[in-house]
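The lines below spell out each chain.
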Amino acid sequence: MLVILGFAMIAVFMVLIMTKKLTPVLALIIVPTVFGLFAGAGLGIGDMVMDSMKSMTSTAALLMFAIIYFGLMIDVGLFDPLVKFILRKLGNDPAKVVLGTAILAAAVSLDGDGSTTFILTTAAMLPVYLRLKMSPVVLTCVAGLANGTMNILPWGGPTARAATALKIDVNDVFVPMIPSLVAGLVVVFAFAWLLGLQERNRLRATAPEIWGVPDTAEGFDGGASTSGTGGTAAGTGRGRKGGNPGGAAPAVDGSPAGSSIAVLERTDTLVEDGGAGLTDTALDPNRSTLRPKLFWFNLALTVAVMVVLVANVIPLPFVFMVGAAIALLVNFPKVKDQGAQLIAHAPSIVAVVSMVMAAAVLTGVLKGTGMVEAMSAWLVQIIPSSMGPFMAVITGVLSIPMTFFMSNDAFYFGVLPVLSETAAHYGVSAADMARASITGQPFHLQSPLVPAILLLVSLAKVDLGDHHKKVLWRTAVISLVMLGVGLLTGAIGIG
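What counts and what doesn't
- Residues numbered from 1 in each chain as written.
- Predicted model: local features only at pLDDT ≥ 70, side-chain atom pairs only at ≥ 80, totals over all residues.
- Heavy atoms only, no water.
- Phe/Tyr/Trp six-rings, centres within 6.5 Å; stacked < 30°, edge-to-face > 60°.
- Helix = DSSP H or I, 4+ residues; strand = E, 2+ residues; numbered from the N terminus.
- Lys NZ or Arg CZ within 6 Å of the ring centre and 35° of its normal.
- Buried < 20%, exposed > 50% of the residue type's maximum accessible area, 1.4 Å probe, protein only.
- Polar contact = N/O pair within 3.5 Å; in protein donor to acceptor, adjacent residues only side chain to side chain.
- Contact = heavy atoms within 4.5 Å.
- Salt bridge = Lys/Arg side-chain N within 4 Å of Asp/Glu carboxyl O.
- Patch = residues over 30% accessible without salt bridge, like charges linked within 9 Å, V, L, I, M, F, W, Y side chains within 5 Å.
- Areas by Shrake-Rupley, 256 points an atom, 1.4 Å probe, with all protein chains shown as cover.

Asks: Where do I start with the packing of aromatic side chains in this structure?
Replies: By the definition in use, this model includes 4 aromatic pairs. With centroids separated by 5.5 Å and ring planes inclined at 85°, the aromatic side chains of Phe191 and Trp473 adopt a geometry described as edge-to-face. Note that Phe191 is positioned in helix α11 (residues 178-206) and Trp473 in helix α25 (residues 464-489), a separation of 282 residues in sequence. Sitting above the plane of the Phe191 ring, Arg474 keeps its charged end 5.7 Å from the centroid.

Here you go:
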């Protein structure tokens, strides 16, 4: 009964948020509560939730003050030069912007912390997406793909957990999986490029005021010259603005019209005019919160915060508390302005902190009622003995859904040892099992039980259900590719 209730609860939860029948916060509270009562939790359900919530408070504090800190840094202009640099290098081409997002997220993910990765990636790229009228869901999808793939790094957490649970050296787990990691990143970049191409075509079809061909599109030859009185595309003000809404339809076939020269002109104008084209965006050059004289102070403070984060010598929530306090005090010495800044970021804070606390209901019910243990035991029991030699492959496949619906601790310390013990009877080593178990991490990182992904969708103002629709099948593909490469290279063996 617990197994049925557990899987039914998960299915109902996913259906409700992906069909937008309930917001994720309400679904995280209502669905587990109903199923927990059916499971016989009774009045004890309150204690289950509160025990789970105790472990969430530090995470909620971390996300709250991280949002304040980086939101403040965006407001005062710390990231403006970075975004303008990105615009110069990537131009207005969505394919390049999305690929650049993937590369940036993968690079920042080297620090092993998902929250930091998503904060920096969103801070740098979201203004670009909004300026170009690109979908923020694409940003969250690509950032999630890159960070999830990089999450198998030894200092990321899951690899260390797998090694610890099975009492083997962490390097023995990770090093043979490097080819799988590289293959996973290749797939991530391929998905990013394809998503960028889709955005390029969508924008040309739906936003002709930005992506339309120049007014003198007839006879357009790539920017060298045009017929009629319009002159060159670069030589007319109307050409710079990217087209005539009442004129020719935008090119969608990859032809030069409306792409190379016109895009370059718009980008140069956007950056070189002092940012006038960014008015009414997060990079508005005239916003009252800009503090150009404090740029170097804010940069030094941010670098210091990042160094302390990576060094991990002080609890992360406290690091952001102190960082946010110093940033507010120096950039906004007046109490009124400090209060205004806190209020300005309150919507993002409420969204992410409420979701973290609501997630405690789901995790509390899963653990408190025994659903997690029952589901794990059932999965182990239904594996036929004839499949024993393939236990590593089975573990890799199971890690995709199981790490999505339970914490890494629950999977690696509760489920993996049982699976590994069973596999040992068929000649499958513990190292093979550990390596296979981490291939599900790209999928795991999209779970609503992972605070970092809640932070990502909150900062980008993206619905979690929309994010899941775009990202889940792609992360499943990446996980399976990593598992397949592990088998081909011998990192994951068959008994």
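Asks: Help me understand the side chain of Thr159 in this model?
Replies: Looking at the secondary structure, you find Thr159 in helix α9 (residues 158-166). Residue class for Thr159 comes out buried when judged on its relative accessible area of 0%. Among the polar contacts listed, one links the side chain of Thr159 to the backbone oxygen of Ile152, at a separation of 2.6 Å. Not counting residues within four places of it along the chain, the set of residues in contact with Thr159 comprises Ile152, Leu153, Pro154, Val170, Val173, Phe174 and Ile438.

Asks: For this particular structure, what's the right way to read the pattern of salt bridges?
Replies: Between side chains of opposite charge, a pair can form when the charged atoms approach closely. Under the defined criterion, the tally for this structure stands at 4 salt bridges. Residue Asp51 pairs with Lys54 through a salt bridge whose shortest N-O separation is 4.0 Å. Here Lys54 and Asp51 lie together in helix α3 (residues 45-54), a separation of 3 residues that amounts to about one turn. The class for Lys54 is exposed, based on a relative accessible area of 60%. Two residues, Arg435 and Asp432, come together in a salt bridge whose shortest N-O distance is 3.4 Å.

Asks: How should I be thinking about a nonpolar patch on the surface in this particular structure?
Replies: Residues Phe297, Val313, Ile314, Phe318, Met321, Val322, Ile326, Leu329 and Val330 make up a contiguous nonpolar surface patch of roughly 730 Å² in combined accessible area. The dominant element in the nonpolar patch, judged by the number of residues it contributes, is helix α16 (residues 316-331), at 6 residues. Take Val322: it is sitting in helix α16. For Val322, a relative accessible area of 33% corresponds to the partly exposed category.

As far as function goes, none of this settles anything; it's purely spatial.
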